[in-house]
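Residues per chain are reported as follows:
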Amino acid sequence: DKMRKVEMLTKALRRESVDRILTWDYIDNEGILAQFGGYDRSQSYSFDDLIEINARAFKNIGLDMTRGIYDPVNHWMGGKIENWIRFFGVDPGDWAVEQAGGTAWISRRPFHDLKGLEQNMPNPPKFEDVREWFEPFIKRIKEIFDDHDLVWVGGVEGPVCDAYTYTDMELFMMAVFDAPELIAHIMDCTGKFSAYIAQIYAEHATSPLMFMGEDICGTSGPILSPSFLREQAVPRWRWIQDPIKSRGYAFLFHTDGRYGDALPVIFEDFQADGLHPIERNGCNDIYEIHSEYPNKLLFGNVCCAETLPRGNVYDVEDETLELIERLGPDGGIFIGSSSELHDLVPVENGATMYRTVHGYGTYPLDVDKIRARRHEIREKLSIRRN
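Reading the values: rules and limits
- Residues numbered from 1 in each chain as written.
- Predicted model: local features only at pLDDT ≥ 70, side-chain atom pairs only at ≥ 80, totals over all residues.
- Heavy atoms only, no water.
- Helix = DSSP H or I, 4+ residues; strand = E, 2+ residues; numbered from the N terminus.
- Rg over C-alpha atoms; globule rule 2.2 N^0.38 Å.
- Buried < 20%, exposed > 50% of the residue type's maximum accessible area, 1.4 Å probe, protein only.
- Contact = heavy atoms within 4.5 Å.
- Areas by Shrake-Rupley, 256 points an atom, 1.4 Å probe, with all protein chains shown as cover.
- Pairing = 2+ DSSP bridges.
- Axes fitted to C-alpha atoms, helices over the stretch in contact; angles between N-to-C directions.
- Parallel < 35°, antiparallel > 145°, perpendicular 65-115°, else oblique.
- Left-handed = near helix turned anticlockwise from the far one by under 90°.
- Nonpolar A, V, L, I, M, F, W, Y, C, P; charged D, E, K, R; others polar.
- Phe/Tyr/Trp six-rings, centres within 6.5 Å; stacked < 30°, edge-to-face > 60°.
- Lys NZ or Arg CZ within 6 Å of the ring centre and 35° of its normal.
- Patch = residues over 30% accessible without salt bridge, like charges linked within 9 Å, V, L, I, M, F, W, Y side chains within 5 Å.
- Salt bridge = Lys/Arg side-chain N within 4 Å of Asp/Glu carboxyl O.
- Lys, Arg positive; Asp, Glu negative; His and termini not counted.
- Charge placed at Lys NZ, Arg CZ, Asp CG, Glu CD.

Peer 1: In this structure, what is going on with the overall build of the chain? I would like to understand it.
Peer 2: From N to C terminus, the chain includes 16 helices and 15 strands. Radius of gyration (C-alpha) of the chain: 21 Å, near the 21 Å computed for a compact globule of 386 residues. Taken over 386 residues, the chain has a buried fraction of 56%. For the chain, contacts bridging at least 24 residues in sequence account for 75% of all contacts bridging at least 6. Entry remark: accessible area of the chain is about 16,500 Å², with carbon and sulfur atoms responsible for 46%.

Shown next as structure tokens:
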């Protein structure tokens, strides 16, 4: 009998023996949904339809685990504002989201300064309201993903990231110094909302893992000081992590950018079990992080800024093989892109990455075979040559 994916993940998180390295990603690539899931932009779909299309695409392309359902028409940022209106009692007037080029941003807020922010503060969410919305969602996802033998990893927004998305980054930074009580209140609301989701997820877990997206780093390093993170973020992160850890599940921390001084906060102060996405391109070195924190789980890390969108299939294969060769023997690596498989990634490059893991990531790993293959394709590389 083949081991089911959720069982493989459970064992892999504990570094027990499994069939092969698992693939993990966030796919927001319409071409992949169309080619592997049958998505057709001219059709309109219910949310259930979209879950089914996504699951079919993941299964067919060789993806084992994800944390997202992609809707090419409606960006997730719109859903975030709907949640603020629904759960934080935010006035629906004067909020607007604009979409272009595969991304979205809040183009209008009902405030521009600290005085306006003070008049537009969110209310704390109510647990039962969150349960009423999230419980049916997680149960439905579990049904469909179980049918396809895929793993859904529950995810929440981090309280800091959610707070500065609400206020706008510039106003957030100003308020940290000039009105810290406003920021504390907003982070209490966003932190409680995510903690409630975590609590409900822990009761109906689709997998023994939870993901928190908390973008606290940029390309040059952390955007907030380590002392702010320790004092203001870590206690609220614990609200979210505690119900997950109390069940013996693992907690995965996501931030884009260069970790720098934030890494010890994430791994030592907060004690996250794993890290995602380990952005490359001069930001982070996954091999260095692994040698410094050998017991931590690593999720990524084929470069989605260079290799996946700009490289050829051999570049993608080589970068994937290097991860298998250097990290596979120790376990604790879950291979996917260094953040997401976005629309600029050619479909065949995404498929090549997962296919390579399926072909060469089987235990016991044949490192000699991997090295021979890397040698064989060396002359065919385009951007990984130098």
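Peer 1: I keep staring at the sheet that holds strand S1 (residues 24-25) and nothing clicks. Help me out?
Peer 2: Within a sheet, each strand pairs with its neighbour through backbone hydrogen bonds, oriented either parallel or antiparallel. The sheet built from three strands is open, its strands ordered S1-S3-S6 with parallel pairing. Of all the strands in the sheet, the pair left with one neighbour each is S1 and strand S6 (151-152). Summarising the sheet, strand S3 (residues 65-66) and S6 pair through two bridges and their orientation is parallel. By the bridge assignment, Thr 66 is partnered in S6 with Trp 152.

Peer 1: It is not clear to me how the packing of helix H6 (residues 127-147) against helix H9 (residues 180-203) should be interpreted in this structure. Could you clarify?
Peer 2: How two helices sit against one another is set out by the angle between their axes and by the gap between those axes. Interhelical geometry of H6 versus H9 gives an angle of 45° and a closest axis separation of 9 Å. Regarding the angle of H6 to H9, the classification is oblique. Crossing hand, H6 versus H9: right-handed. On H9, the residues that touch Phe 127, Val 130, Arg 131, Trp 133, Phe 134, Glu 135 and Ile 138 of H6 are Phe 193, Tyr 196, Ile 197, Gln 199, Ile 200, Tyr 201 and Glu 203. Among the residues making up the contact of H6 with H9, the classes are represented as 10 nonpolar, one polar and three charged.

Peer 1: For this particular structure, what's the right way to read the environment of Pro 264?
Peer 2: Relative to the helices and strands, Pro 264 is located in helix H11 (residues 262-269). By relative accessible area, which is 24% here, Pro 264 ends up partly exposed. Distance from Pro 264 to Pro 226, taken between C-alpha atoms, is 9.0 Å for residues 38 residues apart in sequence. Those residues in contact with Pro 264 that sit more than four places away from it in its chain are Asp 269 and Tyr 293.

Peer 1: Would you take a moment to explain the sheet that holds strand S13 (residues 297-302) for this structure?
Peer 2: Spatially, six strands are ordered S7-S8-S11-S12-S13-S14 in an open sheet, and the strand pairing comes out parallel. Edge positions in the sheet fall to strand S7 (154-157) and strand S14 (333-337), since each of these pairs with one other strand and no more. When strand polarity is set aside, the average angle formed by the axes of neighbouring strands in this sheet is 25°. Looking at chain direction, strand S8 (residues 209-213) and strand S11 (residues 250-254) are connected through five bridges and run parallel. Along S11, the bridge assignment pairs Phe 211 with Leu 252. In the packing of helix H10 (residues 226-245) onto the sheet, the strands contacted are S7, S8 and S11, and the crossing angle to S11 comes to about 150°.

Peer 1: When you look at the packing of aromatic side chains in this model, what are you seeing that I'm missing?
Peer 2: Within a pair of aromatic rings, the relevant descriptors are the distance that separates the centres and the angle that separates the planes. With the rule as written, the count across this model stands at 27 aromatic pairs. Note on Trp 84 and Tyr 166: the rings are 5.1 Å apart at their centroids and 75° apart in plane angle, and the pair reads as edge-to-face. Of this pair, Trp 84 sits in helix H4 (residues 76-88) while Tyr 166 sits in helix H7 (residues 159-167), placing them 82 residues apart in sequence. Cluster of aromatic residues (ring-pair linked, three or more members): Phe 47, Phe 58, Phe 87, Phe 88, Trp 133, Phe 134, Phe 137, Phe 145, Trp 152 and Phe 193. Between the NZ or CZ atom of Lys 192 and the centre of the ring of Trp 239, over which it lies, the distance is 3.7 Å. Across from the ring centre of Tyr 287, 3.6 Å away, lies the NZ or CZ of Arg 326, which sits over that ring.

Peer 1: Is there a simple way to think about a negative patch on the surface in this case?
Peer 2: Residues Glu 268, Asp 285, Glu 288 and Glu 292 make up a contiguous surface patch of negative charge. Looking at the secondary structure, you find Asp 285 in the loop between strand S12 (274-276) and helix H12 (286-292). The class for Asp 285 is partly exposed, based on a relative accessible area of 32%.

Peer 1: So what exactly am I meant to see when it comes to the pattern of salt bridges here?
Peer 2: Should the charged atoms of two oppositely charged side chains come close, the side chains can pair. In total, this model carries 32 salt bridges according to the counting rule given. Where Arg 373 meets Glu 317, a salt bridge forms, and the shortest distance between an N and an O atom there is 2.6 Å. One end of the pair, Arg 373, is in helix H16 (residues 367-376); the other, Glu 317, is in helix H14 (residues 313-327), with 56 residues separating them in the sequence. Each member of the pair Arg 373 and Glu 317 is classed as buried. A salt bridge links Glu 348 to Arg 355, with the shortest nitrogen-to-oxygen separation between them at 2.7 Å. On the basis of relative accessibility, which here comes to 47%, the residue Arg 355 falls in the partly exposed class. Salt bridges sharing partners connect three or more residues here, namely Arg 280, Asp 318, Glu 319, Glu 322, Glu 325, Arg 326, Arg 371, Arg 374 and Arg 384.

Peer 1: Can you help me understand the pairing of S8 in this one?
Peer 2: Taken residue by residue, a regular strand's side chains alternate between the two faces of the sheet. Burial of S8 is extensive: five of the five residues sit out of reach of the surface. Every second residue of S8 is oriented toward a common face, with Leu 209, Phe 211 and Gly 213 on one face and Met 210 and Met 212 on the other, all of them buried.

Peer 1: Could you clarify how one ought to interpret the environment of Phe 47 in this entry?
Peer 2: Residue placement: Phe 47 occurs in helix H3 (residues 47-61). The contacts of Phe 47, once residues within four sequence positions are left out, are Ile 69 and Phe 137.

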